[in-house]
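One-letter residues, chain by chain:
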Amino acid sequence: MARKSSVERANSLTGGFALAQKNVVIQYGNDERKMDDILAAIKSDAESKGIKDADFSKVDVYVKPEEKKVFYVINEKESGSIDF
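About the criteria used
Position labels on residues start from 1 in each chain and follow its written sequence. Only residues with pLDDT of at least 70 get local features here, since the model is predicted, and only at 80 or more are side-chain atom pairs given and counted; chain-wide, interface and lining totals rely on the full set of residues. Note that water and hydrogens are dropped before the side-chain values are worked out from all heavy atoms of the structure. Just to be clear on terms, a salt bridge is a Lys or Arg side-chain nitrogen sitting within 4 Å of an Asp or Glu carboxyl oxygen. Only runs of H or I of at least four residues qualify as helices and only runs of E of at least two qualify as strands under DSSP, and these elements are numbered from the N terminus. Categorising residues by exposure relies on relative accessible area from a 1.4 Å probe, with only protein chains included: less than 20% of the type maximum marks a residue as buried, more than 50% marks it as exposed, and the intermediate range marks it as partly exposed. By definition, two strands form a pair when at least two bridges between them are found by DSSP. Lines fitted to C-alpha atoms define the axes, with helix axes restricted to the stretch in contact, and inter-axis angles between N-to-C directions lie between 0 and 180 degrees. What makes two residues a contact is simply this: any of their non-hydrogen atoms within 4.5 Å. Any two of the Phe, Tyr and Trp rings considered here, Trp counted by its six-membered ring, make a pair once their centres fall within 6.5 Å; the pair's planes then place it as stacked at under 30 degrees, edge-to-face at over 60, or tilted in between. Whether a charge lies above a ring is judged from NZ of Lys or CZ of Arg, which has to be within 6 Å of the ring centre and within 35 degrees of the ring normal. For every residue, the predictor reports its confidence as pLDDT, a number between 0 and 100.

**Thoughts on the pattern of salt bridges**
All chains considered together, the criterion is met by eight salt bridges. Taking the shortest distance from any N to any O, the salt bridge between Glu-76 and Lys-58 comes out at 2.8 Å. In this pair, Glu-76 sits in the loop between strand E4 (69-74) and strand E5 (78-83) while Lys-58 sits in the loop between helix H3 (35-48) and strand E3 (59-64), placing the two residues 18 residues apart along the sequence. A relative accessible area of 58% means that Glu-76 is categorised as exposed.

**Considerations on the pairing of E5**
Examined bridge by bridge, E4 and E5 share six bridges and lie antiparallel to one another. Paired with Ile-74 across the bridge in E5 is Glu-78.

**Quick word on the sheet that holds E4**
The strand order across the open sheet formed by three strands is E3-E4-E5, and the pairing between neighbours is antiparallel. Every other strand in the sheet has two partners, leaving E3 and E5 as the edge strands with one partner each. Strand after strand, the sheet turns through a mean of 20 degrees between neighbouring axes, direction not considered. Those strands touched by H3 are E3, E4 and E5, and its axis lies near 60 degrees from that of E4.

**Quick word on the packing of aromatic side chains**
Overall, the coordinates contain zero aromatic pairs when judged by the stated rule. Between the NZ or CZ atom of Arg-33 and the centre of the ring of Phe-84, over which it lies, the distance is 5.2 Å.

**Here's the deal with the confidence of the model for the chain**
Summary statistics for the chain give a mean pLDDT of 89 and a share of 88% for residues scoring 70 or more. For the chain, per-element mean pLDDT is lowest for helix H1 (residues 2-14), which scores 67, and highest for E4, which scores 97.

Listed below in structure tokens is the structure:
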């Protein structure tokens, strides 16, 4: 138990993986998209369909670059897609 507390304390001081800055880029052929840009487009698309920012609790993202599409499911019930 003491070891776990030491690890948790060290992670809180240094940040750990959960707090590390991340940059995810999806490449396919000549196309390249940053995950942050994809998530922003999903948010915008969902809000245009009436989903409010405060209503987001879970977002599942499925990138299908061979179809040039990104599919998403919000809160396990609302779905949609955007262009890759």
